[in-house]
Every structure is written in structure tokens, then in C-alpha cells.
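Listed below are the residues making up each chain.
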Number of protein chains: 4
Amino acid sequence: SGLFCDKSTSGHVAVHATHTLSFQAAKLAFLMPENNIFVGEFHILDIGLSRQYEDEEAAVHEIIDTAIIKAIIKTRNKFSHKGNFGHAALIAGSYGMMGAVILAAKGCMQAGTGKLTCYIPSCGYDIMQVSVPEAMCKVAGDKFIEGIGNIAGYDATGIGPGIGLQYGSAALLNEIFLSENKHFVLDADALNVLAADKKLLGEIPGGTVITPHIKEFERMFGASSNDFDRLQLAIEMAARLNIYIILKGHYTAIITPPGKVYFNNTGNAGMAKAGMGDILTGMVTGLMTQQYPLPEAAMLGVYLHGLAGDIACTKYSQQAMQASDLINCIGDAWKLLTQ
Amino acid sequence: SGLFCDKSTSGHVAVHATHTLSFQAAKLAFLMPENNIFVGEFHILDIGLSRQYEDEEAAVHEIIDTAIIKAIIKTRNKFSHKGNFGHAALIAGSYGMMGAVILAAKGCMQAGTGKLTCYIPSCGYDIMQVSVPEAMCKVAGDKFIEGIGNIAGYDATGIGPGIGLQYGSAALLNEIFLSENKHFVLDADALNVLAADKKLLGEIPGGTVITPHIKEFERMFGASSNDFDRLQLAIEMAARLNIYIILKGHYTAIITPPGKVYFNNTGNAGMAKAGMGDILTGMVTGLMTQQYPLPEAAMLGVYLHGLAGDIACTKYSQQAMQASDLINCIGDAWKLLTQ
Amino acid sequence: SGLFCDKSTSGHVAVHATHTLSFQAAKLAFLMPENNIFVGEFHILDIGLSRQYEDEEAAVHEIIDTAIIKAIIKTRNKFSHKGNFGHAALIAGSYGMMGAVILAAKGCMQAGTGKLTCYIPSCGYDIMQVSVPEAMCKVAGDKFIEGIGNIAGYDATGIGPGIGLQYGSAALLNEIFLSENKHFVLDADALNVLAADKKLLGEIPGGTVITPHIKEFERMFGASSNDFDRLQLAIEMAARLNIYIILKGHYTAIITPPGKVYFNNTGNAGMAKAGMGDILTGMVTGLMTQQYPLPEAAMLGVYLHGLAGDIACTKYSQQAMQASDLINCIGDAWKLLTQ
Amino acid sequence: SGLFCDKSTSGHVAVHATHTLSFQAAKLAFLMPENNIFVGEFHILDIGLSRQYEDEEAAVHEIIDTAIIKAIIKTRNKFSHKGNFGHAALIAGSYGMMGAVILAAKGCMQAGTGKLTCYIPSCGYDIMQVSVPEAMCKVAGDKFIEGIGNIAGYDATGIGPGIGLQYGSAALLNEIFLSENKHFVLDADALNVLAADKKLLGEIPGGTVITPHIKEFERMFGASSNDFDRLQLAIEMAARLNIYIILKGHYTAIITPPGKVYFNNTGNAGMAKAGMGDILTGMVTGLMTQQYPLPEAAMLGVYLHGLAGDIACTKYSQQAMQASDLINCIGDAWKLLTQ
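Residues numbered from 1 in each chain as written. Chains lettered and ligands numbered in written order. Predicted model: local features only at pLDDT ≥ 70, side-chain atom pairs only at ≥ 80, totals over all residues. Heavy atoms only, no water.

## Examining the overall build of chain A
The following threshold applies: Each helix is a run of H or I in the DSSP string that is no shorter than four residues. Each strand is a run of E no shorter than two, and both are numbered from the N terminus. Exposure is judged per residue with a 1.4 Å probe applied to protein chains only, and the accessible area is read against the type maximum: over 50% gives exposed, under 20% gives buried, and values in between give partly exposed. Throughout, a residue-residue contact means that at least one pair of heavy atoms, one from each residue, lies within 4.5 Å. All accessible-area figures derive from a Shrake-Rupley calculation using a 1.4 Å probe, and residue coverage is judged against the displayed protein chains alone.
Summing up its helical and strand segments, chain A has 14 helices and 12 strands in all. Evaluated residue by residue, chain A yields a buried proportion of 64% over its 339 residues. The long-range share in chain A, meaning contacts at least 24 apart out of those at least 6 apart in sequence, stands at 65%. By element, 53% of the accessible surface of chain A is carried by carbon and sulfur atoms, the whole surface being about 12,300 Å².

In C-alpha cells, the structure reads:
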């Protein structure tokens, strides 16, 4: 089709296709937003290449498929109790943005978490207790979260949905980074706070997951001239900071510290709406809470989230489906993968 | 049947029919409430008139059909993100009328909008955050909206559901009209405010959509002796003020500044209930937010709203169907039009 | 079977049957709770009695059947708007009993009402706006309703669910009785207030509907030695006060001022739960709001309410079905009667 | 398989099986968590033992099956009213833990209870009235329940979900134990309070039901070296305190004062999540309110709760199913048992 496989074709001539055929494996180029007008829908043809070749390819870039995900999912032991599925914490919300906490909390619980405590400002108290009766709430601050104190004892902690950018958010993050808890998922305004405080950015605890969309990524790490360069930058940053980066987009990429990139291919344009990212933050936090290791927790979270979105699209349409609708389809997504 | 085609038959003798047959195209008279007892159900017979004749007819009055609507609908690009679907604003609500904001906000989001911020009085804060977690809220005023300040940055803005008629509403509208935002949908009490302040009425920004029912229309522009005269008056006012008028009724009419009239034929008498208009305001605002041009955004909004109402009627009955039920059918309506 | 047809068999010997057969029409005795152990399930055999005989019987006691109800239901004109379906008022609620207003309001709206305004104490404001976005609220009093002022302008008004028995309730009722509004439905604590203030009881406006269960009836009008005597007392009271009495029970009886008694046979023991009566109050109010005359509004309300309960029983079981579930089945009940 | 039938195999050699066959009846060992890795799924083979032998076995340990449960369930009389199904009380909730009351209240009502009053701190008032409109609320205390006064008049009372461990909880329990009410279900923090105040523990009214999970049980009565010893300790404590113990786990055991043990086999690992126990407390309280005797109320409650969980698992998946989802399946569970 005239596309370069692994670098930008920007400025070069390429065919605008509605369907693109490829041999054996999807080329990296197909997964890049900038090539959408060239690629259209792509289809993989099996031409009998050796498994070894594929495995080497897969060593760097891999598309997450159902088989990979099914192998990740753990069975729930019939004698287990809620303690076996961990205790998650969410630190989220501010005045006017409490919906983000509702969505993240439901995402977290529906990932299978045993217990969840939400740290919220008091302006979100009634809202959360009505909307998510399964979650406990601890209040810190009035319109914004502040002074949460020592929050030791959680198996994983999601931070950021709806916290806002007010004075004090950086101090909050710093406080959390220094706490005993060590399994973090950072999203939304937590990332914007880090973008504005590069020293704090350097202090993200190792093994943390961050879930930026492209704009948030650019605020944190600078702009790139094209999708390929941005991916390369993400690989470098994941290694330097020893973090997992979930770079959100149509083919969300999960980048590990040693430089492996997993592309997700569930999800659809109906998910380009407010609140969808909050759910993902909750789901990945919830899976980490259940002792799913990384990058598996990230892969499973991203895949389930997109699959639930695909089911919601079928039920409610791309246009009308809301973040709340996606949540209602998480159960169906689990069932598709476990039955 | 003895009806005049394009003027009132009031005072003249005509047959009371339960079924009316017509050649080739629906006559304007069939769409007028005052002729309901004469027309009953009408049916169109194709008698092979030239397409040219029809096209000329259509130049003035046109019934919106599924084909027209399907041609309007835009596909959501698979690499799109929420920024591609715009940021809407709703300015709505007052003490005791916050339900109007819930309904408008859900209508707006289910039109496919990327993000939504609701400007509400503080008495509606908990209500909105619990009911529409996908929407952000900004609070201005206590029991009524006041002092929203500069609200620049929104792709379209819906104003009016539940704002009330208290002192200050006119100032609020004036403030909004002078802001940088330029795509407005005005409804409900916003129209009643304009009706009471004819100077302000003259300052509606060009390209604004207003959505009066007949009483609101008459308050704004004066009474008419019959449906035909009112339609004519609406055509004149749309031209003079350079606005789009959605004149709500069983065959809701969309009147454009150059005088074209589109009649909608979705919807049913189950929609003659509180809150239905609030949803429409939200939907049209949401479509404009996604860069649907006018009058297409108005046509699609009105058609979808009525279609969702028809589906709700089938599911919940004409009598019992509520505005909330219609919202739950917007997804089904989109699916009928896109699958 | 040994039962007397139209008086109590208490103290007499009768067969305990699981099935009872009867000729041509159900005997009054079958509908009385006290005879349940004798009658079991009853079955009507057609033995060819003249229609005239039946009609005379029906002149006093009649079982409401589907045909009667279908004849009562009015079609919604396709050019109608919400104004055509009236504006209802509910005066209900107190601290800790706001659920009663939610249920009554939903019942009222799902009866097909155009608009609804709820008069509530301020402690119910958020609760109502979140739960019933279609209804407007006006606040009068803090923990109890007081000082609602002149509420003229409503087509019908339901009073009583959850208002409590505090000091001031009698004054409230007195105030309402003297207002311009003249179509009232009185229920629950409104009846208990009347029971405690016999002078006020004498001032119920003519044409009012009251909806007591047996205990409330006895508080108002005194105890009866058996079901037959109580029915006779109700007939006398309906005549003396010129009111319609909906005497709630398994075979709810509607008693008119001239002494006609209609027995309802929809409904089931799953409805013997909190909140069911509140819904009925709302439904009857809503039907009167739409200009259904009496006793038709009462008959249709009671029948629909029981039918929705029967559908809810099938969907949710007798044990688990809640008042909220019944509300969700009102649409199905309307559909059974109109399609 | 090498397991001891009625004592711990800990430290001994046994086969690790995925399927275990047994003759005639399930051995006690199969129901113990510690043997899960040995037993896997077990299957009962009928080898024609005399009924007498089985009955003797059953005299001590019995697995609750559908036939037992169907025999327990009472029919709702068609002339019954809500008074016939009793008035329950729940004393539950504190700041940040109000979800527990929502879940317990819904569980209580869906057990078929006639009326329910919830005693809650004022911080839960809006939350409860929005979430459970069928329940009435009485407020005692601000962030924690205190000073509920005399609560005589309830048919059964559930105490504990979400009450917290603050200063005053012991006094609250003491106050309740001394009240006129005599049918109690104690759960969650009520048990933790008793665990910390052994004198109060000795004053539990006879006939009370307690519903500890294993950790709560150990806090109350001390640790056991294995599952068999713990069961033996529970039998001793039930006898000494004259209480019914619902010892929660995969095979929840109901232990009666005379030492009979009923094992439940409905339920699944999807129920190992926050809020599930709160529902059970509500359900058992609701059944006792309807005059189900003990241990039948406990057996039916536990069985229904697990069955609803099994249905929820099928609908929503083990991972995603929430306590709220289980509640939505209680109706289906009742239908399976009564139709």
C-alpha cells in the first residue's frame, strides 16, 4: 500500500484504501491514527511464515488477542472470601467532577475487587453513597481532596479522576508517593499535575501504571512529530521511569519498562466520550488489587474495557452509548472471556 | 375532502374523514392540528407526477423522511477521541426544576457529544452529579443561575430548561448573547424571558435555534388566527431574526431563515408530557456540538427525538411512557438509523 | 356451600371449600375476606339467566372486568400537547417518609398526566428531584409540609402519602379544602387526620375520593362486626358525605355516593407491602387530572394498579416484588388494555 | 480419597482430586475449606443405604436442599395485607458506610416483609430515601447511630451493617438488648463490638441469630486450628449462648442451639465481595419479621441469598456481579422455589 511499516509515511505518497490486506501479521503502521485514511479496515492473510519469525516480531510489538487474555484470567476459588480479592483505594473527585469517581469506582468493583474505599472531598459524599453502595467512603477536604493522611493497607490505589488542578494536588501526589502503598494507577488530572511539576514526575514510584491519552502524554513528555515518534518516546520514558504506560487511543498501546508494546484492538469510536477513561483507571486498579501482575493487569483491563465498549455499542449505538452503559456491559465482557 | 391545501378551512364546510387519500405528496393542510378532525389518518398515492414538480413543492415544504436523515448522519471515525465530538454547555435549572437539566443533559450526551458542562444553581449540584455522572457541573447562583461569567470555549450551548422567570434571567441571557460562544439553542423559560423583553428578542445572535411550543411562540411573536397564519408568521420571524425555529407540535416544523419548512413525522401523543422538550433541547445542542450544520442538526434532533418517543411508546405505552423512558430509547433510535 | 349471599356467615356452619362454583354471577359473599376459608377459588357457571336479572344485580354490586375498563380508556389525540393532559398536584411527604412521594409521583405521571407539581417539605427536595426528574417541586415547610398557600390551578390534587400526623396537618387539610381546587384524592395520614377531627371530616369537599384500607376506614367511621356491615357502612358514608370511597383489600371496593359498589379483581398478595397505596393515590389523581370522570377514574386506577401488580408478581415473584417494581409494570398494564 | 470424614486431615497424606465420588451422602470433610484442594468437585452416589441411617446422619449434619426449602416457604394468603407480613427494623450505617444499609434494607424488603423502618444516623438520610423509597427512616445521631430510644413494636430487628466501632456502639447494643424487642439478627460491626466486650457477648438475648464470617467468629470466640475444630466450637457456643450461628463461607453453616448443623450449598465465589453479607442480614431479618421460625428463617435466608447469587453470576459473571446485582436476582430466586 505504500506505507512504511515502522515509521511515519507523512509527506510520502501512499494509496488511500478502504481495505488493506497484509501477510501473516498486522504491521505497526496499521495501528497508527495518522495512517487511518490510507489503511481503512485491515485483514491479515496467513502465508505460512515460521512461528519463530512471528515470535521474534511479537517480542517487540504484539496485538492482544482473546487467547492471550483468556490465559491471563485467574479462576476464583470457590472457598475464597472477599479478603482474597483485595482492598482497593481510589483517590478521586472534586466539586463538579464527582461523576468521575462514580465511574471509576464501578469499574474497579466490576473488575472483581473484594473491597473498595474511595477517598473523596466531602462535596461528593452523598453522591458516592447513593451511586455506589458497595464502596466505602472516606472524606478528606471539602471541594478538593486534601490531607488524606497515611493510607497504608491497600493492595492497589487509583489516583486522579476528577481531582482537579487546584493548589495542593501536587502535595497530595507527593504524600501518596511517599506512603507505604506501592501499586499505583495514575490518570487524568494526576497526570496533568505531574506534567506541571517535572521534579514530581521523576519521583513516580517504580511499577506505577499511568494512563494518558495523547494530549496528556504530550503535556508530560512533550510533543512528537508523528505517531511513530510518540511511541518511541513512550518506550524510552517507560524504561527511564520504570513505569507502565497505557497510551490511550483507538489501538491503545501498553508499554512496559523493558520496551515491549502491546496493542489492544477492542473498543470503538462510541467510547470517545466523557468518563470512559475513568472506568479504565478503576478497572486496572481493581485487577492489580486482585494480585494480577503487570503488564497482565493492564492488558486485561484495557481489553475488557474495550470489549465492554463493543458490547455497549451493539446494545446502545455508538452515538448514544454512555460511560454508564459501558459499565453495565462489563459483566457481559467477562462472560465472553470465561464461558 | 374539501380542505384548502395551504390556508385555513376554518368556517368552511369539509368532510370529517377517518382516512384521507392524497395524490403523490402530503398536502400542507394535513399537517395542521386544526384539520385533524377532517383528515384523520392520511395516505399518499403515487400517481406518477414528474420529479420536478415534487422537487419544486419540496423547495418550500418538505416532510423529513428516513432517507434524508440517514444522509445527514456522520460516521464516527475509529481513531477519533472525545475532543472530536466537541464540548457542549447547558445553562439550565432552578430550585424545584432541576429535573429539566437531568433530561436535557442526558439528551445532549446521547446525541453523541464528547463532553458536557452544565451551568446550574448550587441547589442542583448533588442532583446532577448523581443523575448524570458523565456531565461536569459548574455552579453559578444558589436557587437560580446568576453570574456565570465568560463561558467561552463551547462548541454549542443550550439555554433555558427550568431556569425560571425570576429577576435576573434577562440579564443572564444578555450576558450569554454577548459572550464569545455563537451556537445557541434557546428553549422554555429562555423563550419566555425573550417574550417579555422584546428588545432582547431582537438581539438573538444570528444562527440561533429556538424551540418554542405553540404557546411559547405566541408569547414571543403574538397570536395567530389559525395554524397556517402561524406558520407564515414563523417564516417571517425566522427570516427577520436570522434564526432557526423548531415549532413543536405533532408535526413539528423546522423553519429556516430563507423560509424553508421541514415537517417532522416521528413522535406520538405519549410525548405530550413534562420534560420531553428538555430532551430535545439537549439533543439539538449535542448535535450542533458535533459540528452538524443547521438546519441538519435541528432536523436530525427532532427526528431522533420523535423516533425514540415512538420506540418508548411501543415499550412502555403512550400513557405511561416518561421523558426518562424516551431517553432510554435514544440508542435504539440511532441503531434504526445507522444499522 | 352454606354461606349467606349478602350477610355475614360468622357463627354459622359452612363448608370449607378449596373451589366454589356459582351460577351466573359471583355472590357478594365470595368477595369478603372473612369468607376466604370457606370459598377458596370461586368459578362462575353460566346458567342462562336473563340479562335483565344480571343488570339488576349489577345495579348494586359489580365486578370490574376488562371490557368495562377498555370502554373507559380515552384515546390520546395525536395533535394533543401536555396541556391537554392536565396539571396534577401532590401534597405529600415528611422527614423519613419521602419515599411515599416518589412512589405517588411516579404513579401519577405514569397514569398519563401532562404535568405534576409536588408540594413537599424541604427535607425532601433533593430526594424528589433525583428520583422523579419529570416532576416539579414546590417546598413548603422543613420536616413537615406547612403553609402551602393558595394552590389554585390544578386539575386534581392528591393529598396524604407520608405527611405524618404532626400538629398542623389538620390546618393544612382545612386550608386545602377551602382552596379553589375541587378534585381531591385523600389517602394515608390525611385520612388519619380526618379520623381524629370529625368536624373536619364533615367538611370534605363533595366529589372527593378517599382511599382507606380497612384500619384507616375504621378509624374514620368506626369498627364493624364483619365485612358485610363494613361495606354497608361505607355505602352510607359515601352517600352522607357525597364522596367516593376506595376501600382497599384483596377485592378493593369502590363505593359511589348513590350507593353503587364496584369490586376490583386484579392484584395479589405480593402487593401487601409498604408503598403500594401511595402509587394508587398517585394514579387516581393522575387520571382525574386528565378529566376522567368519577367513578371511572377510580375504577381505572384501581384496575390498572392491580394489573401492574399482577405483572410485577410474574416478573419479580410475590415475595420480592416491591412498590418500585409495580411502577415499572404500569406501562405493561396500559399496553394490555390498549393494544 | 484418604480424607478423614469428620476431623482435620491437616498434616496427613491425601489424594488431590478434581472430582470426588461418595456413597449416599456428602461427607462433612467435603464441605470444609481446608480440604478444597483434595476434594475438587464432589458427587454423591446412591448406594441404597437405609433411610434410617441417613436420617441419623442428618440428625447432626444436613445439607439444605431444594425440597427442604420448598417445604419451609409459606404461601401468602390472597386476602392478606401488609400488616400480615410484619414490621422490620434495621439499625445500621455510619458516615461513609451507608451503602450497607441500602443493601440490607433491599434484602429485607425483598424477603417479603410488609414494612421496614431503618434507624440511621442523619448523614444517611438523603441516601436512604433516594435509594429505598419503600423503607421509612428514623434518624438517631449524626455520623453514627446513637440514642435510638425505645424501639418496641418490631417483629424482628437487624443490627450491625456499617455501624462502625466508635465509642457508643457497645452502649447502643446494650440498649437494644434490654428493649422489648426479642428477635434479633446481629452482623458485622455489631459482632466486632461483642468481640471486644465479652460481658456484653454473654448478654445476647436467647434466640438471636448472629452471622459472622470466619474472621468475625474468631474475634468473638477465639481462633481454631482447623475447620473441624471451629465448627465444634460454634456448636458449643450456640448451645451455651442459646443462639443461632450463621457461619459464613462457601458452604455456609447454620448452627442451632441444640447442635444441629445445616450446610448451605448455593452461592459462588462471585459473592466474595463487599456488601453481600449486608443483604443476608436483611433477608434473615425480613423472614423472621414474617414469623418464619428458627432455624427455618436462617435456612431459607441463606439458601435464597446463595441462589440469587448463583443467578446473578449467570447474568453478570462471577467477576463483575455486585451486591446490587444479587438483589436484583432475589425475585428470580423466589420464583425458582415457588413456581
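## Focus on the pairing of strand β10 (residues 244–247) of chain A
It is a general feature of regular strands that their side chains alternate between the two faces of the sheet. All names here are of chain A. Threshold: Here, any two strands with at least 2 DSSP bridges between them count as paired.
Of the two faces of β10, the one carrying Y244 and I246 and the one carrying I245 and L247 are both buried. Sheet topology note: the β10/strand β11 (residues 253–255) ladder contains 3 bridges and is antiparallel. Directly across from L247, in β11, lies its bridge partner A253. The loop that links β10 with its antiparallel partner β11 comprises 5 residues.

## Some thoughts on the nonpolar core
For the record, the criterion: Definition of nonpolar core: a set of buried residues of the types Ala, Val, Leu, Ile, Met, Phe, Trp, Tyr and Cys, connected through side-chain atoms within 4.5 Å.
Membership of the largest hydrophobic core comes to 88 residues, with the highest contact counts inside it found for M128 of chain A, M128 of chain B, M128 of chain C together with M128 of chain D. If we skip the residues at most four places from it in the chain, M128 of chain C touches M98, V101, I102, A105, C118, I120 and C137 of chain C.

## Points about the sheet that holds strand β7 (residues 156–159) of chain A
All names here are of chain A. For the record, the criterion: Only the contacting stretch of a helix is used when fitting its axis, a line to C-alpha atoms as for every element, and angles between N-to-C directions run 0 to 180 degrees.
Strand order in the open sheet formed by 10 strands is β3-β12-β11-β10-β9-β8-β7-β4-β5-β6, with mixed pairing between adjacent strands. What marks the edges here is a single partner per strand, and that holds for β3 (61–63) and β6 (136–139). Inspection of the sheet shows strand β5 (residues 115–120) paired to β6 by 4 bridges, in the parallel sense. The residue of β6 that forms the bridge with T117 is M136. In this fold helix α12 (residues 296–316) packs onto β10, β11 and β12 (261–263), with an angle of close to 175 degrees to the strand it touches most, β11.

## Things to note about the interface of chain B and chain A
Threshold: Two parts lose some accessible area (1.4 Å probe) when they are put together, and adding that loss for both gives the buried area. In what follows, salt bridge is the name for a side-chain nitrogen of Lys or Arg lying within 4 Å of a carboxyl oxygen of Asp or Glu. Counted as a polar contact is a pair of N or O atoms within 3.5 Å, where, for protein atoms, one must be capable of donating a hydrogen and the other of accepting one, and residues adjacent in sequence contribute only when both atoms are in side chains. Residue polarity follows a fixed list, in which Ala, Val, Leu, Ile, Met, Phe, Trp, Tyr, Cys and Pro are nonpolar, Asp, Glu, Lys and Arg are charged, and the others, Gly among them, are polar.
Contacts between the two partners involve 34 residues from chain B and, on the opposite side, 38 residues from chain A. For the pair chain B and chain A, the summed buried area comes to about 2,800 Å², and 56% of that belongs to carbon and sulfur atoms. Between chain B and chain A we count 0 salt bridges in total. On the surface where chain B and chain A come into contact, there are 15 residue pairs in polar contact (both at pLDDT 80 or more). For the side of chain B that touches chain A, the secondary-structure elements that each account for two or more residues are α4 (99–110), α5 (125–131), β6 (136–139) and α14 (330–338) of chain B. Of all the elements, α14 of chain B adds the most residues to the side of chain B that touches chain A, at 6 residues. Of the residues contributing to the side of chain B that touches chain A, the split by class is 14 nonpolar, 11 polar and 9 charged.

## Digging into α14 of chain B
Of all the residues in α14 of chain B, the buried ones are I330, G331, A333, W334, K335 and L337 of chain B. Those residues of α14 of chain B that are buried are in contact with α12 of chain A together with α3 (66–72), α4, α11 (276–289), α12 (296–316) and α13 (323–328) of chain B.

## Some words on the sheet that holds strand β3 (residues 61–63) of chain D
Residue and element names in this part refer to chain D. Read across the sheet, 10 strands follow the order β3-β12-β11-β10-β9-β8-β7-β4-β5-β6 without closing on themselves; strand pairing throughout is mixed. Two strands bound the open sheet, and with one partner strand each, they are β3 and β6 (136–139). Helix α4 (residues 99–110) contacts β4 (87–91) and β5 (115–120) of the sheet and is inclined by roughly 165 degrees relative to β5.

## Section: the relation of the copies chain B and chain A
Both copies of the chain are related through a single rotation about an axis accompanied by a shift along the same axis. Which entries qualify depends on this criterion: Least squares is the method used to superpose the copies, on C-alpha atoms of residues holding a pLDDT of at least 70 in both.
Expressed as a screw transformation, the operator carrying chain B onto chain A has a rotation angle of 90 degrees and an axial translation of 0.0 Å, and the superposed copies differ by an RMSD of 0.0 Å. The superposition of one copy onto the other is thereby described by a four-fold rotation axis. An asymmetric contact is evident, with only 6% of the interface residues of chain B recurring at the interface of chain A.

## Brief notes about the confidence of the model for chain A
Quick note on the threshold: Every residue is assigned a pLDDT by the predictor, reflecting its confidence on a scale from 0 to 100.
Per-residue pLDDT for chain A has a mean of 89; in total, 84% of the residues score no lower than 70. Two summary scores accompany this predicted model of the complex, namely pTM at 0.92 and ipTM at 0.90.

## Focus on the environment of L103 of chain A
Tracing the chain through its elements places L103 of chain A in helix α4 (residues 99–110). Note on L103 of chain A: relative accessible area 1%, which makes it buried. Discounting chain neighbours no more than four positions away, the residues touching L103 of chain A are G275, D278, I279, A323, S324 and I327 of chain A together with P133 and E134 of chain B.

## What about the relation of the copies chain C and chain D?
Take chain C, turn it by 90 degrees, move it 0.0 Å along the axis, and it overlays chain D with an RMSD of 0.0 Å. In this assembly, only 5% of the residues forming the interface of chain C have copies in chain D that are likewise at the interface, indicating a heterologous arrangement.

## Some remarks on unusual backbone geometry
Between L294 of chain C and the following residue, P295 of chain C, the backbone shows a cis peptide bond with an omega angle of 5 degrees. Following the sequence through the fold, P295 of chain C ends up in the loop between α11 (276–289) and α12 (296–316). Positive phi values are uncommon outside glycine, yet Q291 of chain B reaches one of about 70 degrees. The backbone of S317 of chain D shows a phi angle near 85 degrees, a positive value even though the residue is not glycine. Looking at the element boundaries, S317 of chain D is found in the loop between α12 (296–316) and α13 (323–328).

## Some words on the interface of chain C and chain D
Taken together, the 38 residues of chain C in the interface contact 34 residues of chain D. In total, about 2,800 Å² of surface goes out of reach between chain C and chain D, with carbon and sulfur atoms giving 57% of it. At the surface where chain C touches chain D, the tally comes to 0 salt bridges. Between the two partners, chain C and chain D, sit 15 residue pairs in polar contact (both at pLDDT 80 or more). Contributing elements (two or more residues each) for the side of chain C that touches chain D: α4 (99–110), α5 (125–131), α12 and α13 (323–328) of chain C. Looking at the side of chain C that touches chain D residue by residue, the classes come out as 20 nonpolar, 14 polar and 4 charged.

## Comments concerning the packing of α4 of chain B against α11 of chain B
The relative placement of two packed helices comes down to the angle between their axes together with the axis-to-axis distance. Residue and element names in this part refer to chain B. Selection rule: Each helix crossing is assigned a hand: it is left-handed if the near helix lies turned anticlockwise from the far helix by less than a right angle, otherwise right-handed if that turn is clockwise.
Put simply, α4 and α11 touch, their axes get as near as 7 Å, and they point 35 degrees apart. The handedness of the crossing between α4 and α11 is right-handed. Along the contact surface, α4 presents A100, L103, A104, G107 and C108, while α11 presents D278, I279, G282, M283 and G286. When grouped by side-chain class, the residues that make up the contact of α4 with α11 number 6 nonpolar, 3 polar and 1 charged.

## Some thoughts on the pattern of salt bridges
Where charged atoms from two side chains of opposite charge come close, those side chains can pair. Overall, the coordinates contain 26 salt bridges over all chains when judged by the stated rule. For E62 of chain D, the salt bridge goes to K260 of chain D, with nearest N and O atoms at 3.0 Å. Placement of E62 of chain D in strand β3 and of K260 of chain D in the loop between β11 (253–255) and β12 (261–263) is noted, with a sequence separation of 198 residues between them. Each of E218, D227 and R230 of chain A takes part in salt bridges that share partners, so that together they form one network.

## A few points about the packing of aromatic side chains
To keep things clear, this is the line we draw: Side-chain rings of Phe, Tyr and Trp, where Trp is taken by its six-membered ring, are said to pair if the distance between their centres is within 6.5 Å; with planes under 30 degrees apart they count as stacked, over 60 as edge-to-face, and otherwise as tilted.
With the rule as written, the count across this model stands at 20 aromatic pairs over all chains. Ring centres of F217 of chain C and F221 of chain C lie 5.0 Å apart, and the angle between their planes is 55 degrees; this geometry places the pair in the tilted category. Of this pair, F217 of chain C and F221 of chain C both sit in helix α9 (residues 214–221), 4 residues apart, which is roughly one turn of that helix. On the accessibility criterion, F221 of chain C (12% relative accessible area) is buried. Their ring planes at 90 degrees and their centres at 5.9 Å tell us that Y119 of chain D and Y154 of chain D sit as a pair that is edge-to-face. Here Y119 of chain D, found in strand β5, pairs with Y154 of chain D, found in the loop between β6 and β7 (156–159); they are 35 residues apart in sequence, far enough to count as distant.

## Examining the packing of helix α6 (residues 169–177) of chain C against helix α7 (residues 189–196) of chain C
Residues and elements named next belong to chain C. Note the threshold: Orientation labels follow simple angle bins: below 35 degrees gives roughly parallel, above 145 gives roughly antiparallel, 65 to 115 gives roughly perpendicular, and whatever is left gives oblique.
Between α6 and α7, the least distance of the axes is 10 Å, while the angle of their chain directions is 100 degrees. Considering the angle they form, α6 stands roughly perpendicular to α7. For the pair α6 and α7, the contacting residues are S169, A170, L173 and F177 in the first and A190, V193 and L194 in the second. For the contact of α6 with α7, the per-class residue count stands at 6 nonpolar, 1 polar and no charged.

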